Amino acid sequence: MNFSQVSIQPLHQTHGNLGSGKRVLIVDDQEAVLLFLKDRLEQLGFIVSTAVNGKEGMHLLQEHVFHGVLLDLEMPVMDGLTMLNQLRKQTSDVPVIVMSADPTRTTMFRAIEAGARDYLTKPISNVILKYKCLRLFA
């Protein structure tokens, strides 16, 4: 094969089907974080819904089937730990990855004990995000 015949495709074309159309819910109160995560997961082939707090997230979980949840722990109205506890009372099979900028990670460890499958520390690495979401949600 001649190297001039090789085409380099953008990430969304190269990896677009890895998520196989699985539905993921992102719950975070920061619009910039929501947009960043939504863009990255859609590039992987996931169908993404977003919510700005745990109350909205729980409403969406009652309305739709999701294959995974990315959940911020520090939010107004209903924080992530409260949402996770409510979710686990209803169902235990939806994988949840919690997110936090808290450098002590105390809340994240409480969330893991409450049933989260993994965690991400903000700022979130693209490589780690891709690995964890494909491992748990795809």
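Nothing here was measured: the structure is a model prediction, and the numbers come from that model.

Peer 1: So what exactly am I meant to see when it comes to the pattern of salt bridges here?
Peer 2: Side-chain pairs of opposite charge can arise where the charged atoms are in close proximity. As enumerated under the stated definition, the model contains six salt bridges in all. The closest approach of N and O atoms between Glu42 and Lys38, which form a salt bridge, is 2.6 Å. Of this pair, Glu42 and Lys38 are both found in helix H2 (residues 31-43), four residues apart, which corresponds to roughly one turn of the helix. Lys38 gets classed as partly exposed once you look at its relative accessible area, which sits at 26%. The partner of Lys122 in a salt bridge is Asp72, and the shortest N-O contact between them spans 3.2 Å. Taken together, the residues span a long stretch of sequence, with Lys122 in the loop between strand S5 (118-121) and helix H6 (126-137) and Asp72 in strand S3 (residues 68-72) at a distance of 50 residues. For Lys122, a relative accessible area of 15% gives the class buried.

What counts, and where the lines are drawn
- Residues numbered from 1 in each chain as written.
- Predicted model: local features only at pLDDT ≥ 70, side-chain atom pairs only at ≥ 80, totals over all residues.
- Heavy atoms only, no water.
- Salt bridge = Lys/Arg side-chain N within 4 Å of Asp/Glu carboxyl O.
- Helix = DSSP H or I, 4+ residues; strand = E, 2+ residues; numbered from the N terminus.
- Buried < 20%, exposed > 50% of the residue type's maximum accessible area, 1.4 Å probe, protein only.

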